[in-house]
Amino acid sequence: MSQTQAHCNRIARSSGEHCHDYPQLMLGWRGAMDYEFSRGSERLALGRAAILPVGETHRYLGRGDDSEVLVIDLDRDDPCLAALEQSCELTLRESLFAEPRALTLPPTLMPMVDYATAQLRGRHTPQQAALINHQLALLFVSQFSQLLGEEDPGARRRERLPAAALDAFIDERLDLPPDNQALAEAMHLGQSQLHLLCQRQFGVTPQQYVLTRRLQWARYWLCQTARPVGEIALDLGFADVSTFSRAFRRRTGRSPSEERRQGAVTGAP
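Residues numbered from 1 in each chain as written. Predicted model: local features only at pLDDT ≥ 70, side-chain atom pairs only at ≥ 80, totals over all residues. Heavy atoms only, no water.

**Q** Would you mind showing me how to read helix α8 (residues 206-224) here?
**A** Spacing of three or four residues puts side chains on the same side of an α-helix, whose turn is 3.6 residues. Helix length check: α8 (19 residues) gives 27 Å between terminal C-alpha atoms against 27 Å at 1.5 Å per residue, within 8%. Looking at the buried positions of α8, the neighbouring elements they touch are α5 (163-171), α6 (180-186), α7 (191-202), α9 (229-235), α10 (241-252) and α11 (256-262). (Helix = DSSP H or I, 4+ residues; strand = E, 2+ residues; numbered from the N terminus. Expected span 1.5 Å × (residues − 1). Contact = heavy atoms within 4.5 Å.)

In structure tokens:
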């Protein structure tokens, strides 16, 4: 795939099974399509949508001759997506595409589906069509990200992450830092919920929070103990001293040896 794009797929009564090496949004438009993915089975019809991360295998079956879906394919190297992530402080892999899910569209998004399908089926030059497809895809990505942020039931139930419990979970696994799935399960949240709450409460992604916690322990051990830098690096899950030193300098502006000399930290994290 050369770029992020929106397109209409006529399913009719066809069936099959596949997965993609790129994330995908599917929106019901005409007729209905049944599909199965790792979360179970769903029916995609007007007003329903599906989020499929990279490599999510799914089976599909069109339920009528008129079955057609609106599909958004995302190029992971699209610079426009990178700009969207930066401007909105998002990491799409850790939020919108953290896990497969089905959802119901609010009434406010229904006119967008009609507008998008009309634009995609209109008469355009190849250059115009490519531009329209790309713009529509980015529009739906931004709308879906906002939708999950506003309507995620887990986020409504949990307005704040328990920072003490989160820190304790990370501290128990410093040598093998937990990924987003492990963090989400420990906090009894979905990965997208975890990401949204972490961004809202701490202003960072879950993995940035984990790194910050690890480096807090690094500063404590450097300043309050005589432990060798290499031992600290391994105990914090870094592959080697150089990797640890680079991460430490990027975050603090000092090398581990400079931090040790200054002895700036007093007390545990």
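**Q** Which parts of the structure should I look at to understand the packing of aromatic side chains?
**A** Aromatic ring pairs are defined here through the distance separating the ring centres and the angle between the ring planes. Considering all chains together, one arrives at six aromatic pairs under this definition. Ring geometry for Tyr35 and Phe37: centres 5.2 Å apart, planes at 55°, overall tilted. The residues Tyr35 and Phe37 share a single accessibility class, namely buried. With 5.8 Å between their ring centres and 85° between their planes, Trp217 and Tyr220 make a pair best called edge-to-face. Taken as a pair, Trp217 and Tyr220 lie in helix α8 at a separation of three residues, close to a single helical turn. The class of Trp217 is buried, set by a relative accessible area of 17%. An aromatic cluster is defined as three or more aromatic residues linked by ring pairs; in this entry it consists of Trp217, Tyr220 and Trp221. Arg214 extends its terminal NZ or CZ atom over the ring of Phe238, reaching a point 4.2 Å from the ring centre. A cation over a ring is seen here: Arg227 above Trp221, with NZ or CZ 4.5 Å from the ring centre. (Phe/Tyr/Trp six-rings, centres within 6.5 Å; stacked < 30°, edge-to-face > 60°. Buried < 20%, exposed > 50% of the residue type's maximum accessible area, 1.4 Å probe, protein only. Lys NZ or Arg CZ within 6 Å of the ring centre and 35° of its normal.)

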